[in-house]
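Residue strings, one per chain:
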Amino acid sequence: MGENNIFKVLSDKQRRDILVMLKNGRMSAGEIAAELDITPAALSYHLRMLKQADLVMEYKSKNFVYYEINTSVFDELILWVKQFGGD
């Protein structure tokens, strides 16, 4: 896991908004775009960044592509952050 890349990806509000939406379960690209009111090209860019950082996974089903949070990367990130203190 590249923490620098993850933090860079998470620095964008729209990408954080996408992750918050996906915490409730899988969503199609169309559902995400409609919820955020962004163009398909802009959404494609943000999803590509999230996929490259392994923060989301992509699933294809018939004519649809669905996105879901990759919780294992968040688990690793939490462990990494915890090393800096606290309980």
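Just above, that's the structure.
Starting from 1, residues in each chain are numbered consecutively following that chain's sequence as written. Local features in a predicted model are, by the rule used here, given only for residues with pLDDT of at least 70; side-chain atom pairs are given and counted only at 80 or more, and totals for whole chains, interfaces and linings are based on all residues. With hydrogens and water stripped out, all remaining heavy atoms of the structure feed into the side-chain values.

Peer 1: Before we go on, may I ask you to explain the packing of aromatic side chains in this structure?
Peer 2: How two aromatic rings sit relative to each other is given by the distance of their centres and the angle of their planes. Aromatic rings from Phe, Tyr and Trp, taking only the six-membered ring of Trp, are treated as a pair when their centres fall within 6.5 Å; an angle between ring planes under 30 degrees marks them as stacked, one over 60 as edge-to-face, and anything in between as tilted. One pass over the structure, following the stated rule, counts three aromatic pairs. Judged by centre distance (5.6 Å) and plane angle (50°), the ring pair of Phe 7 and Trp 80 falls under tilted. In this pair, Phe 7 is assigned in helix H1 (residues 3-10) and Trp 80 in helix H5 (residues 71-82), connecting sequence segments 73 residues apart. Only protein chains enter the accessibility calculation, which uses a 1.4 Å probe. A residue is then buried if its area is under 20% of the maximum for its type, exposed if over 50%, and partly exposed in between. What makes Phe 7 partly exposed here is its relative accessible area of 36%. Residue Trp 80 is classed as partly exposed on the basis of its relative accessible area of 28%. Here the aromatic rings of Phe 64 and Tyr 66 are separated by 6.2 Å at their centres, their planes lie at 40°, and the arrangement is tilted. Residue Tyr 66 is classed as partly exposed on the basis of its relative accessible area of 25%. Pairwise contacts between aromatic rings join Phe 7, Trp 80 and Phe 84 into one cluster. If you follow Arg 26 out to its NZ or CZ, it ends over the ring of Tyr 59, 4.0 Å from the centre. In this text, helices come from DSSP runs of H or I with a minimum length of four residues, and strands from runs of E with a minimum of two, each type numbered from the N-terminal end. When the NZ atom of lysine or the CZ atom of arginine is within 6 Å of a ring's centre and also within 35 degrees of its normal, the charge is said to sit over that ring.

Peer 1: Help me out: how do you make sense of the pattern of salt bridges in this one?
Peer 2: Note that side chains of opposite charge can pair when their charged atoms are close. Throughout this description, the term salt bridge denotes a Lys or Arg side-chain nitrogen within 4 Å of a carboxyl oxygen of Asp or Glu. The final tally for this structure, using the stated rule, is three salt bridges. In this structure, Asp 17 and Lys 13 form a salt bridge, with 3.0 Å as the shortest nitrogen-oxygen distance. Taken together, the residues span about one helical turn, with Asp 17 and Lys 13 both in helix H2 (residues 13-22) at a distance of four residues. Residue Asp 17 is classed as partly exposed on the basis of its relative accessible area, which comes to 25%. Here Lys 51 makes a salt bridge to Glu 58, at a shortest N to O gap of 2.7 Å. Its relative accessible area of 31% is what places Glu 58 among the partly exposed residues.

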